[in-house]
2 protein chains.
Amino acid sequence: MAYLNVVRVDEALEELYHRFKDFEAKSERVPLHQALHRCVSENLYATENLPSFRRSMIDGYAIIASDSYGASEQSPMILNVIGQVEMGKSPVQKVTSGVCIYVHTGGEVPDGADAMIMIEHTELMGDDVALYTTVTFGENIVGIGDDVSKGALIIKKGTRLKPQHAGILASLGYGEINVTKKIKVAVLSTGDELVDISASPIYGQVRDCNTMIIRQILEASGAEVVLESRVGDHLDDLMNAITEAMSAADIVLLSGGSSAGTKDLTQTAIDSFPNHASTQNVFIHGLAIKPGKPTIIGQVDDKAIIGLPGHPAACFTVMKALVEPFIHQISGTADKKIARIPCEAQFQLHAAGGRDVYQLVDVHFEDGKFKADILYGKSGMVSALSEANAYIVIPMNHEGVKKGDQLLAYHL
Amino acid sequence: MAYLNVVRVDEALEELYHRFKDFEAKSERVPLHQALHRCVSENLYATENLPSFRRSMIDGYAIIASDSYGASEQSPMILNVIGQVEMGKSPVQKVTSGVCIYVHTGGEVPDGADAMIMIEHTELMGDDVALYTTVTFGENIVGIGDDVSKGALIIKKGTRLKPQHAGILASLGYGEINVTKKIKVAVLSTGDELVDISASPIYGQVRDCNTMIIRQILEASGAEVVLESRVGDHLDDLMNAITEAMSAADIVLLSGGSSAGTKDLTQTAIDSFPNHASTQNVFIHGLAIKPGKPTIIGQVDDKAIIGLPGHPAACFTVMKALVEPFIHQISGTADKKIARIPCEAQFQLHAAGGRDVYQLVDVHFEDGKFKADILYGKSGMVSALSEANAYIVIPMNHEGVKKGDQLLAYHL
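Thresholds, definitions, all that
Residues numbered from 1 in each chain as written. Chains lettered and ligands numbered in written order. Predicted model: local features only at pLDDT ≥ 70, side-chain atom pairs only at ≥ 80, totals over all residues. Helix = DSSP H or I, 4+ residues; strand = E, 2+ residues; numbered from the N terminus. Rg over C-alpha atoms; globule rule 2.2 N^0.38 Å. Buried ≥ 20, exposed ≤ 12 C-beta atoms within 10 Å, placed from the backbone. Contact = placed C-beta atoms within 7 Å. pLDDT = per-residue confidence, 0-100. Core = buried A, V, L, I, M, F, W, Y, C linked by C-beta atoms within 7 Å. Nonpolar A, V, L, I, M, F, W, Y, C, P; charged D, E, K, R; others polar. Least-squares fit on C-alpha atoms with pLDDT ≥ 70 in both. Pairing = 2+ DSSP bridges. Axes fitted to C-alpha atoms, helices over the stretch in contact; angles between N-to-C directions. Left-handed = near helix turned anticlockwise from the far one by under 90°. Expected span 1.5 Å × (residues − 1). Bend = angle between axes of the 7 residues up to and from the residue. Domains from an automatic or database assignment. Parallel < 35°, antiparallel > 145°, perpendicular 65-115°, else oblique.

Student: Help me understand the overall build of chain A in this model?
Tutor: On a plain count of helices and strands, chain A comes out with 7 helices and 26 strands. On C-alpha atoms alone, chain A measures out to a radius of gyration of 31 Å, which is more than a quarter above the 22 Å that the 2.2 N^0.38 rule sets for 412 residues. With the C-alpha coordinates of chain A rotated into their principal frame, the extents come out at 95 × 50 × 45 Å. When the 412 residues of chain A are sorted by exposure, 50% land in the buried category. For chain A, long-range pairs separated by at least 24 residues make up 72% of all intrachain contacts whose partners lie at least 6 apart in sequence.

What follows is the structure, given as structure tokens:
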């Protein structure tokens, strides 16, 4: 397999976006309470004002502010209490000068009133109330539309819903919303040395851990694994499996063994499908990242077929660096996520000429700052992966990392 | 309702932990592929060595390292190729001095060999191969147990499983694992002004947004909402609802209206249940946080009953500051989470004497660093909540925040 033309990850993503720009993620309508972590597929606007009535922020009396002017502990102003507003009901009386109406927190401020005075600053005496302080126009009242104005954009298309979004959607009556359907992904694992997780490997065999890593990353990125199967190292079997996968999924991931033979087979299989363009189906034969170089990217009909590297850490890296952003892009996810954490390198690491280096790290808080420890481990190892909670990227042609350098690590 | 004894959040949590320390979260067995975000309920150990055989890191020849000593482009060493190791099978031949065996990446290194030489540094000539470089003892071989030693602790009890953990568990054959059962929570909303999300409120009514906020936070923290209902502002109804909730859930949350009347009713209801201790059921009558002061915490039998504040932002704050950590504690979650992000304040904010201040912020990356903008909004507002992606805490008696201060914001 030729590694003559390794491609930068950003270039590979550009090419993928370009080729699949017409992919339109379908949307579906779900109840709001099932929308956590789902991606909103349309701009959501305020269909009404919030609050929809003048709302009291306190327990107290609705008054005309000027009726309180000059009131103090020494010289209270006296108003006549003509009633109270029941919770959940509209006021039936109006406030005029000289009178007031009791309103609970959250209740509607009656017409005529232009301020609320806290009950703590008053004293009830029979049908009258003494005001011991001055309140200003509008005090303790939330006006109509003060929180959200009718027509305002409240949630942008592409937002992945978090708990904090639920409140505004519920307040505006969004009992159901349109979200992007999950992108469907098929995962085919190849390699004669691989056996099931539940199997007891004999010498030379290993359990298929990559499929599980891939599945968990896909699910965490909001995609759905619609098909998962193991295929032997034979061209016909592989092509049949890819054909079946393409009929079920939007994206087909091939999780290969680590040997050159398996990689060759993957490329041959993808390129053996009929081609409607002038180029070969496989359009990227290697990525300029470490680990993760032996990655193959192709297109058959309108499906993306990606051959992932066999080493677990390399497979993980390519999933995070390439597949996850690709899924987010075609599903229209536009997250306002705080994905990175500033931290201080506790290690030294050389750059690799011509390749972006992805390094797993453990970020922890110590002495008032975040520090990143390197997690050593050859790329075939799964232990470093399990201990990591973040990774850093050293761009190609960068000088590397020195102990004490300030880094931006990506959360895992 | 008396606010004489507001309690610090850390004290409230201590008291909750103390009272419910005997709560034992049950565990259940789930397939590994369903364990994402679930909490492992036992220490998991390596049941075998990884790799379980000497594994080649490259495509090349298994040799005795000393056979390559002195080899160079100018003066290659010649070895006889006696065979190759098939993927997924144990080698059938041994390497002795003067001979070598071809092995794929990931394949098993045959007995006798103590190094692998990359195919790129060799040239095949009939049955012989020329070595053009010297390799050292152990080069390009991952030894038995080099990745994970049999018996090693690989995942600590309490870990919430992330994609990166899947690899090691799959590699070790953990097809199923024991995870903590989800903590069951009932959410009762009270307040005559509240109507369903799908309803069209008339004047004075508001849609019940808090229940939805609470539900989403609970689900994101790994709990399960087993019951959700709306109760009118009547003592008997509320007590009946609490009784039903206690039979279904581990924790009962009361999401009240904002008025003092609703709060009084909540406290009265909790205290009206029979009490087996010398104190009242309600043991905390207010929290020293802003927003969030009107929080009530009680215990009836072996259930925690928490009355949340009615203002959406206050409700949200108490969920994040109190309920979420409580759920994590009793469910045994011990996350190694990077929950905070260092950022620079773009605002000024005064501390509140005697109360921890929780302030919603928008953290964004700009000019090479993270900056936090304040999201203004009275505590009844849901728009600030929706725009926030983090919050900061100003501890009571702290001097407040000045523009340019370095902060640690908590992710939302």
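Student: I would appreciate a short explanation of the confidence of the model for chain A in the present structure.
Tutor: Detailed reading of the predicted coordinates is not advisable wherever pLDDT falls low. Overall, the predicted model of chain A reaches an average pLDDT of 91, with 96% of residues at or above 70. Reported for the predicted complex are a pTM of 0.91 and an ipTM of 0.90.

Student: Quick question: what am I supposed to make of the nonpolar core here?
Tutor: Among soluble globular proteins, nonpolar side chains are generally buried collectively. Leu253 of chain A together with Leu253 of chain B are the most contacted members of the largest nonpolar core, which has 189 residues in total. Discounting residues that sit within four places of it in the chain, Leu253 of chain B has contacts with Val185, Ala186, Val187, Ile214, Ile306, Leu308 and Val323 of chain B.

Student: Explain the interface of chain B and chain A to me, please; I cannot follow it from the model alone.
Tutor: The parts lose accessible area when they come together, and the size of an interface is often stated as this lost area. In this complex, chain B contributes 80 residues to the contact, which on the side of chain A involves 80 residues. The residue inventory of the side of chain B that touches chain A, partitioned by class, reads 37 nonpolar, 29 polar and 14 charged.

Student: Would you explain the relation of the copies chain B and chain A in this entry?
Tutor: Look at the two chain copies: a rotation about an axis and a shift along it is all it takes to match them. Between the two copies, chain B and chain A, the superposition gives an RMSD of 0.1 Å; the rotation angle is 180° and the shift along the axis is 0.0 Å. In symmetry terms, the pair is related by a two-fold rotation axis. Among all residues of chain B, the one whose C-alpha sits closest to the rotation axis is Ile341 of chain B, at a distance of 3.1 Å. A share of 100% of interface residues in chain B that are also interface residues in chain A marks the association as one of identical surfaces.

Student: Looking at this structure, I do not really get the sheet that holds strand β8 (residues 122–125) of chain A. What am I missing?
Tutor: Residues and elements named next belong to chain A. Strand order in the open sheet formed by 6 strands is β7-β4-β6-β5-β9-β8, and the pairing between neighbours is mixed. The strands lining the two open edges of the sheet, one partner per strand, are β7 (115–118) and β8. Neighbour-to-neighbour, the strand axes of this sheet turn through a mean angle of 40°, independent of strand direction. Relative to β7, strand β4 (residues 60–63) runs antiparallel, the two being bridged by 4 bridges. Residue pairing across strands places Ala62 opposite Met116, the latter belonging to β7.

Student: Can you walk me through the sheet that holds strand β8 (residues 122–125) of chain B in this structure?
Tutor: Two orientations exist for strands paired in a sheet by backbone hydrogen bonds: parallel and antiparallel. Residues and elements named next belong to chain B. The 6 strands are arranged β7-β4-β6-β5-β9-β8 in an open sheet whose pairing can be described as mixed. The strands lining the two open edges of the sheet, one partner per strand, are β7 (115–118) and β8. Strand-to-strand, the axes of this sheet are offset by a mean angle of 40°, without reference to chain direction. One ladder, built from 3 bridges, connects strand β4 (residues 60–63) with strand β6 (residues 99–103); its direction is antiparallel. Its bridge partner being in β6, Tyr61 is matched across the sheet by Tyr102.

Student: What's the story with the packing of helix α1 (residues 9–19) of chain A against helix α6 (residues 312–330) of chain A in this structure? I'm lost.
Tutor: The packing of two helices is summarised by the inter-axis angle and the distance between the axes. All names here are of chain A. Viewed as axis vectors pointing N to C, α1 and α6 meet at an angle of 30°, and their least axial separation amounts to 10 Å. Regarding α1 and α6, the two cross each other, and that crossing is right-handed. Contact residues: Val9, Ala12, Leu13, Leu16 and Tyr17 in α1; Ala321, Leu322, Pro325, Phe326 and Gln329 in α6.

Student: Honestly, the environment of Ala321 of chain B in this entry has me stumped. Any pointers?
Tutor: Residue and element names in this part refer to chain B. With respect to the element layout, Ala321 can be found in helix α6 (residues 312–330). Using a count of 23 C-beta atoms within 10 Å as the deciding quantity, one classes Ala321 as buried. As for Ala321 and Ile213, which are separated by 108 residues in sequence, their C-alpha atoms are 14 Å apart. Sequence-distant contacts of Ala321, that is, excluding residues within four places in its chain, are made with Val9, Ile289, Gly292 and Tyr358.

Student: For this particular structure, what's the right way to read α6 of chain B?
Tutor: Residue and element names in this part refer to chain B. Helix length check: α6, at 19 residues, gives a terminal C-alpha distance of 25 Å against a target of 27 Å (1.5 Å per residue), a fit within 8%. Along its length, α6 shows its largest kink, about 40°, at Met319. With 16 of its 19 residues buried, α6 lies for the most part within the structure. Phi turns positive, to about 75°, at Gly332, one or two residues after α6.

Student: Quick question: what am I supposed to make of the domain arrangement of chain A here?
Tutor: You can read the domains of chain A as domain 1 (9–26 + 181–330), domain 2 (28–50 + 146–175), domain 3 (55–142) and domain 4 (340–411). Distance from the C-alpha centre of domain 2 of chain A to the C-alpha centre of domain 4 of chain A: 37 Å.

Student: Explain helix α2 (residues 163–171) of chain A to me, please; I cannot follow it from the model alone.
Tutor: Given 3.6 residues per helical turn, the α-helix brings residues three or four places apart onto the same face. All names here are of chain A. Where burial is concerned, most of α2 is hidden: 9 out of the 9 residues are buried. Restricting attention to buried positions, one finds in α2 the residues Pro163, Gln164, His165, Ala166, Gly167, Ile168, Leu169, Ala170 and Ser171. Following α2 by one or two positions, Gly173 has its phi on the positive side, about 85°.

Student: Looking at this model, I keep getting lost on the packing of helix α4 (residues 235–248) of chain B against helix α5 (residues 260–271) of chain B. Mind explaining?
Tutor: Residues and elements named next belong to chain B. Packing of α4 against α5 leaves a shortest axis separation of 9 Å and a crossing angle of 55°. It follows from the interaxial angle that α4 and α5 lie oblique. The element α4 and its partner α5 pack so that their crossing is right-handed. Contact residues: α4 offers Leu235, Leu238, Met239 and Ile242, while α5 offers Leu265, Thr268 and Ala269. Its residues placed into classes, the contact of α4 with α5 shows 6 nonpolar, 1 polar and no charged.

Student: How should the environment of Met77 of chain B be read in this particular structure?
Tutor: All names here are of chain B. Residue position: Met77 is located in strand β5 (residues 77–85). Of the residues examined, Met77 has 20 C-beta atoms within 10 Å and is grouped as buried. Once the C-alpha coordinates of Met77 and Asp264 are considered, the two residues, 187 residues apart in sequence, prove to be 91 Å apart. Once residues within four sequence positions are removed from consideration, Met77 is found in contact with Asp67, Ser68, Gly70, Ala71 and Leu131.

Student: How do you make sense of the environment of Glu120 of chain A when you look at a structure like this?
Tutor: Residues and elements named next belong to chain A. Take Glu120: it is sitting in the loop between β7 and β8. With 11 C-beta atoms counted inside 10 Å, the residue Glu120 sits in the exposed group. In sequence terms Glu120 and Tyr69 are 51 residues apart; their C-alpha atoms lie 17 Å from each other.

Student: For this particular structure, what's the right way to read unusual backbone geometry?
Tutor: Phi is mostly negative for residues that are not glycine, and the peptide bonds are mostly trans. Omega for the peptide link from Leu50 of chain A to Pro51 of chain A comes to -10°, which places this bond in the cis form. Along the chain, the position of Pro51 of chain A falls in the loop between β2 (44–45) and β3 (55–56). Here Lys290 of chain B and Pro291 of chain B are connected by a cis peptide whose omega angle stands at -5°. Of note, the phi angle at Asp301 of chain B is positive, near 55°, even though the residue is not glycine. Judged by local crowding, Asp301 of chain B falls into the exposed class, with 11 C-beta atoms found within 10 Å. Although it is not a glycine, Asp367 of chain B sits at a positive phi angle of roughly 50°. Relative to the elements of secondary structure, Asp367 of chain B occurs in the loop between β23 (356–366) and β24 (369–374). Owing to 6 C-beta atoms within 10 Å, Asp367 of chain B belongs among the exposed residues under this scheme.

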